[in-house]
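If you want the building blocks of each chain, they are given just below.
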Amino acid sequence: ISFHSGACLNCGERLKKEELTETEIERLKSSILEIVLKGEDTYQNTNPQELDFFLKMLSKQGEFDVVIDGLNVALTRIPGIPPIKPIGLSSVNLLETVLYFHKQGKRILVIHRPSIKTYPHYAQILELSHLHILDKLTQDDPYFILAALHSGNSCLCVTSDLLRQHLVRLVNFNPELGKLFNRWQVAHQVYVTGFEKVKSSYSGKPGLIFPPKYTVSANKTGCHWHVPLLTTPTNTPGRNPVQERTVYHGYIATWACVGPEVRDQRGESSAREVDSTQILDSLGKKKKKTMVRKKETKFKVKNVFD
């Protein structure tokens, strides 16, 4: 599957785009607000006054194209840099990330803490984006998730946080909410892998991993089924460690294209037969050593790599 276009490299069909309905977005937004942020005791994650001020800000400002988890981006680990990152480097890393999207004409929301006011590039970040500063003790994750959901299907959320604790809380409350959150996360989260080295400092452009533009689930397009095959994250040479941990790239690198045999211009088959056990395993079904068939039509499977 072509990562950028969603087109199958075997049959040429384009996978469906992942989009949540307005009803699903509102349901997820309400769940993040009531279950994750407020919970049984609002004061454990924030305070009512701060939450009310934030929601009024979203209502007044409207939709954003990009929501940036400012603290997470600023503290992105850099090779050879001590765990306590120099404030000047954190500042320029966040600025470069904001600049990347600003040059594309994007409307940006940065969520950070009071410490951003000590950044050398604070004034520039404030000029290029809308900055919302949270209290030092407030959990910022639910806030940038809410802001991204508020902005709809076209909004990207920039953070390398895997957000597992919020997924678990939603799953424990209602497994369907967990699935919905996972769909949204895969389709909207942008991860930061690092920054370009400029002379002797990693202060250049950000390395970003964008979400796939297609639905990551078994789906039929044309005469072919496309099935994502789950893999176990490994330390693959040449791959950034962040990429191995991402919800999509770390677990799904291969797709199976199942359908009528596709032939090239010379009339030769472009697929190869494989044991369907691999596909059935990925779907959690009982192993069967049989070729995929439908009536009298012989089907072949091709592994299609990103």
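Criteria and thresholds
- Residues numbered from 1 in each chain as written.
- Predicted model: local features only at pLDDT ≥ 70, side-chain atom pairs only at ≥ 80, totals over all residues.
- Heavy atoms only, no water.
- Axes fitted to C-alpha atoms, helices over the stretch in contact; angles between N-to-C directions.
- Helix = DSSP H or I, 4+ residues; strand = E, 2+ residues; numbered from the N terminus.
- Parallel < 35°, antiparallel > 145°, perpendicular 65-115°, else oblique.
- Contact = heavy atoms within 4.5 Å.
- Nonpolar A, V, L, I, M, F, W, Y, C, P; charged D, E, K, R; others polar.
- Pairing = 2+ DSSP bridges.

Draft legend 1. Molecular detail of the packing of helix H1 (residues 22–38) against helix H7 (residues 164–173). For the pair H1 and H7, interaxial distance at closest approach is 11 Å and the crossing angle is 95°. Considering the angle they form, H1 stands roughly perpendicular to H7. Of the residues in H7, those touching H1 at Leu28, Ser31, Ile32, Ile35 and Val36 are His166, Arg169, Leu170 and Phe173. In the contact of H1 with H7, the residues fall into six nonpolar, two polar and one charged.

Draft legend 2. Inspection of the sheet that holds strand E1 (residues 66–69) at higher detail. Pairing in this open sheet of six strands is mixed, and the strands run E3-E2-E1-E4-E5-E6 from one edge to the other. Only two strands of the sheet have a single neighbouring strand rather than two, namely strand E3 (130–133) and strand E6 (206–209). Taken pair by pair, the neighbouring strands of this sheet meet at an average axis angle of 25°, ignoring direction. Relative to strand E2 (residues 108–112), E1 runs parallel, the two being bridged by four bridges. Residue pairing in the sheet places Ile68 in a bridge with Val110 of E2. The sheet strands contacting helix H2 (residues 48–61) are E2 and E3, and the helix crosses E3 at an angle near 170°. Against the sheet, helix H6 (residues 141–150) contacts E1, E2 and strand E4 (156–158), and its axis sits at roughly 175° relative to E1.

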